[in-house]
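Results of the structural survey
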Amino acid sequence: MNVLLSIKPKYVNEILEGKKLFEFRKAIFKKKDISKVFIYSSSPIKKIVASFEIARIIEDSPQKLWDKCHEYGGIPENDFFEYFKNSDTAYAIEISNLDEFSEKIDPYKLKKNFRPPQSYCYLSLDYFDQKLDQNTSRTEYEAVFLAEDSEEYGANVSAFDEESTGLNQFTEPKERKIGWIDAELNNITEIIMGQSPPSSTYNSEGMGLPFFQGKAEFTELHPIVSKWCSKPNKIAEPNDILISVRAPVGATNIANQKCCIGRGLAAIRYPSCNKYVFYFLRLIEKELDKKGTGTTFKAISGAVLKSEIIPLPPLPEQRAIVSKIELLFSELDNGIANLKLAQEQLKVYRQAVLKKAFEGELTRKWREQQVDLPSAEELLVEIRREREEAQKSTLRKIKNVKTLTEEEILDLSEIPIGWKWLKLQELCNLVGGVTKGRKLEGKKTIILPYLRVANVQDGYLDLSEIKHIEVLEGDLEKYRLIRGDILYTEGGDKDKLGRGTIWKEQIENCIHQNHVFRARPYSKSLVSAYIGYFSQTQTAKDYFFKKGKQTVNLASINMTVLSNLPFPLCSLPEQQAIVSEIEMRLSVCDKVEQDIAENLEKAEALRQSILKKAFEGKLLSERELEEVRKAEDWEPAEVLLERVKGEKAIAGKR
């Protein structure tokens, strides 16, 4: 196993000149069998320039590591401690057998869609020579490169904070908000409250003006046209701000064409610098929503909107603030895009892991080391025996199962010798849950917690909201969930049918609704997690998608479809080994996904922090403020306000 290490060019030069023998890191490789480390010199070089072997890795506190390694660290003391300021542990990689390449390697030419790591990533020994496996898609391959044994992901998820966007890089100017005033929104802008035209004037043929009614048509910036109006009452002009004044209150877009607005919207016109008002409304969106009143629909009146107070700087400063906001938002959006890309790559990686697991690839070497490993056929005999014994106590007749045909098996993926494709009903007892709305008057009943479709997600349970239901006393034993039950959903979006996970007795005496199926293995020789993970594979998802029935608003599967789900059975030891291999890999994914989710939340908080600083007059640096105050059209906002009032008065007399 090799490692590709990203290093800034100035430090690469120190290494190549022999002045830097230690490379410092906050996080270090978990794998121990590292043969070589390749040095990727980051932008603007963007080449692999050398390789070295690891003499040793020193782990210590930042202070002690500095004391040990600073002489050949190749980094100034201030930079070192700034880098490790939030770290209790620091690592130094001691460089040996450095080999500088006479011809630098351009990885972008060797590998299509090469993406350099932010910190490091693992490479196979023949990474730059190997070709794609014929059975592995380009997307899967890239995902495995990015995530296989992916401790490096932990180092690649960047945290969002104010320092990373430059919000704290400026000293506080001595004089803030020169020429600013607070003004009512109605005094500086023109506000047009929407009004719904007769429904007979609506159309989808493009007759008249585009017609917008509320947030439903909004995107991130401009609304999408879905209908038109031939006789508009209230009209918004291009660049007017559109704001939702009925549930939900406060959402904003900008009109990119002349349009008709219904009663759920208002248009705010401020041609001097419309984006300044737009971003202010984005800042106070939640506050506006809180001001909404009404029982059926929350709404704000024109009076509330018009009386909103906006901090108003001189016009050149408004423009500068908008430019700075959009610069910072652009950087923020790039970071968010990278996080969302990582999310998608993790999804691909998960499917790649599961695919290899249930084709026997993850345990291929393990199988080669086993002696007298029982076959799936032998295990099936044991399962049937246990099932028959259990059925005798209930006096129920065992239902004959029509096994998969050879043609059906040929359509499935190839599995190792000793495995067997079966139907899920051959391995598990499948039952539906309790039906809501039964008439139970005069009968002995109890109140129990129960699982709904909303609780059963793809690979996990969402137990944040558990509801209770009145059922017959006998329903507890009939529908009670026990540890190891596998849960499957009956309905929902077609691409999410049959999603499922394992019950681990998180709630005592919990039952399940009839829209949630329960699969209970017949034998202790069946690992519930093995069955549950298979339900997350693309094979299972494709099966449910193909067999699901679609109605207008909902897709669903029935018990028969679930019962006939093809399932690859292997021996108990291999089931356990496969689950271990899956969980070893996916546990890393889980941690990274959590980090990504946290950073996406931080990004949204940072967006609000940027806006807050902007309208407090704290976003621009002293140099930037000096520049805007030299603008030819600079004048106190009070003068601007009086001019706007005068223009509105003249327009009102016309």
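Placed above this text is the structure.
The notes below deal with the structure included here. (Residues numbered from 1 in each chain as written. Predicted model: local features only at pLDDT ≥ 70, side-chain atom pairs only at ≥ 80, totals over all residues. Heavy atoms only, no water.)

1. Quick word on the overall build of the protein
A count of helices and strands for the protein gives 21 helices and 29 strands. Principal-axis analysis of the C-alpha atoms places the extent of the protein at approximately 95 × 85 × 45 Å. Among the 654 residues that make up the protein, the fraction classed as buried is 46%. The contacts in the protein between residues at least 6 apart in sequence include a share of 78% that link residues at least 24 apart. When the accessible area of the protein is evaluated, it comes to approximately 34,600 Å², of which 48% is carbon and sulfur surface. (Helix = DSSP H or I, 4+ residues; strand = E, 2+ residues; numbered from the N terminus. Buried < 20%, exposed > 50% of the residue type's maximum accessible area, 1.4 Å probe, protein only. Contact = heavy atoms within 4.5 Å. Areas by Shrake-Rupley, 256 points an atom, 1.4 Å probe, with all protein chains shown as cover.)

2. A look at the state of the cysteines
Inspection of the entire model under this criterion finds zero disulfides. Looking at Cys510, it has no disulfide partner, and the nearest cysteine sulfur is the one in Cys428, 19 Å off. Owing to a relative accessible area of 0%, Cys510 belongs among the buried residues under this scheme. (Disulfide = S-S within 2.5 Å.)

3. Comments concerning the environment of Lys618
Tracing the backbone through its elements, the reader meets Lys618 in the loop between α19 (572–615) and α20 (622–628). In this structure, the C-alpha to C-alpha distance between Lys618 and Lys234, residues 384 residues apart in sequence, is 38 Å.

4. Brief notes about the packing of helix α11 (residues 315–357) against α19
Packed helices, taken two at a time, are described by the angle their axes make and the gap between the axes. Two numbers describe how α11 lies on α19: the axes approach to 10 Å, and their chain directions differ by 170 degrees. In this view, α11 runs roughly antiparallel relative to α19, as classed from their interaxial angle. Split into classes, the residues belonging to the contact of α11 with α19 amount to 26 nonpolar, two polar and seven charged. (Axes fitted to C-alpha atoms, helices over the stretch in contact; angles between N-to-C directions. Parallel < 35°, antiparallel > 145°, perpendicular 65-115°, else oblique. Nonpolar A, V, L, I, M, F, W, Y, C, P; charged D, E, K, R; others polar.)

5. A word on the pattern of salt bridges
Taken as a whole and assessed by the stated rule, the structure comprises 39 salt bridges. In this structure, Asp60 engages Lys68 in a salt bridge whose closest nitrogen and oxygen atoms are separated by 2.6 Å. Classification of Asp60 as buried rests on a relative accessible area of 19%. The exposure class assigned to Lys68 is exposed, which follows from its relative accessible area of 51%. (Salt bridge = Lys/Arg side-chain N within 4 Å of Asp/Glu carboxyl O.)

6. Regarding the nonpolar core
Generally speaking, nonpolar side chains in soluble globular proteins are found buried as a group. Of all hydrophobic cores here, the largest spans 54 residues; its most connected members are Leu427, Tyr488, Tyr530, Phe544, Leu569 and Ile582. Dropping the residues within four chain positions of it, Leu427 is found in contact with Leu380, Ile383, Leu422, Arg520, Pro521, Tyr522, Leu526, Phe567 and Leu569. Membership of the second largest hydrophobic core comes to 50 residues, among which are Leu185, Ile188, Ala614 and Leu619. (Core = buried A, V, L, I, M, F, W, Y, C linked by side-chain atoms within 4.5 Å.)

7. Brief notes about the sheet that holds strand β23 (residues 491–492)
The strands making up a sheet associate through hydrogen bonds between their backbones, and the pairing can be parallel or antiparallel. Pairing in this open sheet of three strands is antiparallel, and the strands run β23-β28-β27 from one edge to the other. On the outer flanks of this sheet lie β23 and β27 (549–550), each paired with one strand and no other. Examined bridge by bridge, β27 and strand β28 (residues 555–556) share two bridges and lie antiparallel to one another. Following the sheet pairing, Lys549 is matched in β28 by Ser556. (Pairing = 2+ DSSP bridges.)

8. Concerning the side chain of Ser87
Relative to the elements of secondary structure, Ser87 occurs in the loop between α3 (77–83) and β5 (90–105). The exposure class assigned to Ser87 is buried, which follows from its relative accessible area of 18%. Leaving out residues up to four positions away in the same chain, Ser87 has contacts with Lys26 and Pro62.

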